[in-house]
Amino acid sequence: MSETRATAPVFPPGRYGRRRDGRRRLLLPALLALLIGIAAVFLVVRLYGQYGDPDYDAQIVGWSDVTDKQMTVRFKVRVPAGGSATCGLRARDYGGAEVGRRTVTVSAAGSATTIDASEVVPTTAKAAVGDVIRCAAAG
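In short, a report on the structure.

1. Let's talk about unusual backbone geometry
Residue Asp65 is not a glycine yet carries a positive backbone phi of 50°. Along the chain, Asp65 falls in the loop between β1 (57-64) and β2 (70-78).

Put into structure tokens, the structure is as follows:
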């Protein structure tokens, strides 16, 4: 019976670059993933604080009285009890181009938390759709 021994190959020094020892180094990728996760959480919190305010929520109801010069936009806004909101309204044409914009302040009657509003938006051409871009605390 003959026995064959397997030996590791021998490479000429410097010819194939540095040889790795076979162990994986996970410290650097783990630290990088941790830093990216922390940065993402920070960004989400910052953007939510800047753009997301759950106390002020707008919903478009519809639009009417469309002419070449104006459009009436009807919308609802949820506010804290008895609060006011400043809302950006926009009118767009069939192609999606903005043809009118207006910022309005609406206030709740008494201790109501919902405001039903209807505002006229002046336009430079005939509009096809009205939008409530954003509502925030009046100030």
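2. Some points on the environment of Phe11
Structurally, the position occupied by Phe11 is in the segment before α1 (27-51). With 63 residues separating them along the chain, Phe11 and Arg74 place their C-alpha atoms 79 Å apart.

3. Regarding the environment of Arg90
Checked against the element boundaries, Arg90 lands in strand β3 (residues 84-92). By relative accessible area, Arg90 is classed as partly exposed at 24%. Along the backbone, Arg90 and Arg15 are 75 residues apart, and their C-alpha atoms lie at a distance of 68 Å.

4. Observations regarding the sheet that holds strand β4 (residues 98-107)
Pairing in this open sheet of three strands is antiparallel, and the strands run β4-β3-β6 from one edge to the other. Every interior strand has two partners, whereas the edge strands, β4 and β6 (129-137), have only one. Looking at each pair of strands side by side, their axes are set apart by 20° on average, direction ignored. Where β3 and β4 come together, nine bridges link them in antiparallel fashion. Directly across from Thr86, in β4, lies its bridge partner Thr105.

Scoring rules and cut-offs
Residues numbered from 1 in each chain as written. Predicted model: local features only at pLDDT ≥ 70, side-chain atom pairs only at ≥ 80, totals over all residues. Heavy atoms only, no water. Helix = DSSP H or I, 4+ residues; strand = E, 2+ residues; numbered from the N terminus. Buried < 20%, exposed > 50% of the residue type's maximum accessible area, 1.4 Å probe, protein only. Pairing = 2+ DSSP bridges. Axes fitted to C-alpha atoms, helices over the stretch in contact; angles between N-to-C directions.

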